[in-house]
Amino acid sequence: MKALIYAGSEFLTSDAIADALLEYGAALAEGRTGATVEIPIVDAAGKVTTAVFLVGPASQIVAREVVTDLAEPDRLEVVEHLEALTRRLHPTARADTEAPPDMDWSWES
């Protein structure tokens, strides 16, 4: 699970949703536009709910790994929707494309 840090708050969501949201935000920023997206999150009580994020050129979203026993709010349709929105902005982009070797900044030992 990942915590999205946004506007001074943390929002827990699945790894796949967090990654797709960041990719979409980057694509919007390149196009100098913004959008709102609703994604599932896990609230403080451990319940799945939703949050709406404004993403675009001025978005400051950070994602970090979180170790928790809570179930991830995996929603494949949300990931697919975000990936489709990203592809509209970058028609040649593929979700499974690996980073070029010079961009592989793995911090794992």
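Before going into details, it helps to say that this report is about the structure given with it. (Residues numbered from 1 in each chain as written. Predicted model: local features only at pLDDT ≥ 70, side-chain atom pairs only at ≥ 80, totals over all residues. Heavy atoms only, no water.)

**Section: the pattern of salt bridges**
Here is step 1 of the chain: Here the structure, examined in full by the defined rule, presents 4 salt bridges.
Here is step 2 of the chain: Residues Arg64 and Glu10 are paired through a salt bridge, measuring 2.9 Å at the closest nitrogen-oxygen approach. Highlighted residues: Arg64 in strand β5 (residues 62-65) and Glu10 in strand β2 (residues 9-13), separated in sequence by 54 residues.
Here is step 3 of the chain: Relative accessible area serves as the criterion here: at 45%, Glu10 is assigned to the partly exposed category.
Here is step 4 of the chain: The closest approach of N and O atoms between Glu77 and Arg75, which form a salt bridge, is 2.5 Å.
Here is step 5 of the chain: Under the relative-accessibility criterion, Glu77 is labelled partly exposed at 44%.
Here is step 6 of the chain: Salt bridges sharing common partners tie together Lys2, Asp19 and Glu65. (Salt bridge = Lys/Arg side-chain N within 4 Å of Asp/Glu carboxyl O. Helix = DSSP H or I, 4+ residues; strand = E, 2+ residues; numbered from the N terminus. Buried < 20%, exposed > 50% of the residue type's maximum accessible area, 1.4 Å probe, protein only.)

**A look at the side chain of Ser14**
Here is step 1 of the chain: Following the sequence through the fold, Ser14 ends up in the loop between β2 and α1 (15-30).
Here is step 2 of the chain: Judged by relative accessible area, which is 0%, Ser14 ranks as buried.

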